[in-house]
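A closer look at the structure
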Amino acid sequence: EASALHLKGGVVVNADQETLADLLIDNGKVLEVGPPGSLMAPDAEVIDASGKYIMPGGIDTHTHLDSLFMGQNTPDDFFSGQAAALAGGTTCHLDMVMPQKGGDILGGYARYREAAKRSVMDYSFHIVITHWNDQVEEAMGKLVEQGLQSFKFFMAYKGKLQVSDELLAHAFRRCRQLGAIPLVHAENGDAIDKEQQRLIKAGITGPEGHQLSRPPIVEEEATFRAVMFANLANVPLFVVHVMSRGAMEVIAKARTAGQRVIGETLASAIGLNQSLIWSSDFTTASKFVMSPPIRTEEHRLAVRAGLAGGALQLVATDHCGWTSAQKALGRESFLKMPNGVNGIEERMHVAWQQLINSGLASPSRFVEVTSTAAAKVFNLYPQKGVIQAGADADVILLDPNAEHTISASSHHSKGDINIFEGNKIRGKVVMTISQGKVVWDGSSLHVQRGAGRFLPRPAFGDLYKGLDERDAIRSAEMYPYGPVPVKRDLAALHAKQ
Ligand code: URP
Ligand code: ZN
Ligand code: ZN
Ligand code: ZN
């Protein structure tokens, strides 16, 4: 059993306040938070936190560990990917359950549960849905009962993962019934397919073809389409990896109109622009190939400002880091290039650099977009996402003055590529505490295979508050697409005119 921990002299940061406070941790939980010098724990190990921020561990809402995608297995499994996460201050993540061949959803999920037995930190899953029938609808019900309340739909990857509009319409209503949240990868897959063919025909086969085939408007349109289907079904919506200004503005506009749309952006979107993708060196350019693509500086600045200011709600990674050998499979054509980039270890540092050192946001906002918002949206709050008595002791210490440089030569992820290579960061996670134990001391990991726990998440969370009232209002107003149009009401409406 690990001893109790007594963190003294730090600044405790939650999404709603920053206070100079001490912290007692015991038995995997936060026992007490109190004014400096007020807590008594003679047997606890004392940790000097003076000059440091004490924050909730990061929650990464979007990762691909131990996954098969575009015919390739991701180099990071639940052990290496999570160890990397802990070294970067992330203590919890939600992984995408990608479908297995034959599309057996429950079987696919079981495989991930098995793979996750090697976990070193807490985790949950989103379930990807790629086809539709009675078995799928039934499986969704079973999964919600087991504590999964989020289903992901790809609007891109035509002929592979892409779903139809009809499927979205049906599945969003099923999510509404179950109290679940649909997630969308919003890009118009048909438009991309056409552009890809056009580019290949024109002889553009290099990594830049990937970029050219998926311009921002393709993302913006699909984002709006998903928002529209969510509006009709009166269901909350989570848009993964928002990479462009237009998509962000679609989300912000829907939110202004009262719709519950959550926009997730990525470390790659706020930390990088596309300049290196135009490199004539294949190896350099290929590192940055992901979908939707990393965009121009204009988009980076807009998305970063949106994350700081509230147009976007949180920042994840879409960690799907490949080896350079796997990226080389795309040498013949960008169509064969495994899509995806690293980030699970770098996200907290990139977000700190881009939000805090830029002067755009406060440490509280940093906590909100890296941890608290994720916990709230996915019904893990207040077990996760906050430092208060009773919460899980997933806690990080960040030294705002420590400088370091990101590099593949020192990262813990298994891929040999780091898209943030050479980035200088001021601010470093010098300690990560997971389940009440020090698992990262600023230079070494002390993780235990199997220590990570699956976190069941209840349906009908906070995002569902008030949705019934909205249904009722629509129904009463005879909104044409309302859920309960009754003939008798129509007659009354006609009589009035
Ligand atoms: O390029 C990406 N993003 N790869 C991972 C799969 C996905 O689309 O999220
Ligand atoms: Zn149905
Ligand atoms: Zn995606
Ligand atoms: Zn993804």
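Here the structure is a predicted model, which means the values were calculated and not measured.

Criteria and cut-off values
Residues numbered from 1 in each chain as written. Chains lettered and ligands numbered in written order. Predicted model: local features only at pLDDT ≥ 70, side-chain atom pairs only at ≥ 80, totals over all residues. UniProt positions renumbered as here; feature names shortened; annotations may be inferred. Helix = DSSP H or I, 4+ residues; strand = E, 2+ residues; numbered from the N terminus. Contact = placed C-beta atoms within 7 Å. Pairing = 2+ DSSP bridges. Axes fitted to C-alpha atoms, helices over the stretch in contact; angles between N-to-C directions. Near = placed C-beta within 6 Å. Nonpolar A, V, L, I, M, F, W, Y, C, P; charged D, E, K, R; others polar. Buried ≥ 20, exposed ≤ 12 C-beta atoms within 10 Å, placed from the backbone.

Description of the UniProt feature "modified residue: N6-carboxylysine" (unreviewed entry) in the chain
Taking the UniProt record as the reference, the feature "modified residue: N6-carboxylysine" (unreviewed entry) is found at Lys152. By secondary structure assignment, the location of Lys152 is in strand S11 (residues 150–154). With residues up to four places along the chain from it excluded, the contact list for Lys152 reads Met96, His126, Ile127, Val128 and Leu183.

Describing the sheet that holds strand S13 (residues 237–239)
Across the sheet, eight strands lie side by side as S6-S9-S10-S11-S12-S13-S14-S15; this open sheet has parallel pairing. Strand pairing shows two members of the sheet lacking a second neighbour, strand S6 (58–63) and strand S15 (314–316), which therefore form its edges. Neighbour-to-neighbour, the strand axes of the sheet open up by a mean angle of 30°, direction not taken into account. Examined bridge by bridge, strand S9 (residues 90–97) and strand S10 (residues 122–128) share six bridges and lie parallel to one another. Note on S10: the bridge partner recorded for Met96 is His126. Along the sheet face, helix H2 (residues 105–115) touches S9 and S10 and points at about 150° away from the line of S9. Contacts between helix H13 (residues 347–356) and the sheet are confined to S6, S9 and S15, with S6 contributing the most and set at about 110° to the helix.

Describing the environment of Pro236
Structurally, Pro236 is set in the loop between helix H7 (216–233) and S13. In this structure the C-alpha to C-alpha distance between Pro236 and Ala328, which are 92 residues apart in sequence, comes to 39 Å. Every residue in contact with Pro236, bar those within four places of it in the chain, is listed here: Ile181, Arg260, Leu463 and Tyr464.

Some points on the site of ligand 1
In the vicinity of ligand 1, the residues found are His64, Phe69, His185, Met290, Ser291, Asp318, Cys320, Asn339 and Gly340. Of the residues assigned to the shell around ligand 1, the class counts are three nonpolar, five polar and one charged.

Focus on unusual backbone geometry
Here Ser291 and Pro292 are connected by a cis peptide whose omega angle stands at -15°. Looking at where Pro292 falls in the secondary structure, it is placed in the loop between helix H10 (282–286) and helix H11 (297–309). Look at the link from Tyr381 to Pro382: it is a cis peptide, with omega at 5°. Its identity is not glycine, yet Tyr157 carries a phi of approximately 70°, on the positive side. For Tyr157, the location among the structural elements is in the loop between S11 and helix H4 (165–178). Of note, Asn234 is a non-glycine position whose phi angle comes to about 55°, a positive value. Secondary-structure assignment places Asn234 in the loop between H7 and S13. Judged by the 20 C-beta atoms lying within 10 Å of it, Asn234 is buried.

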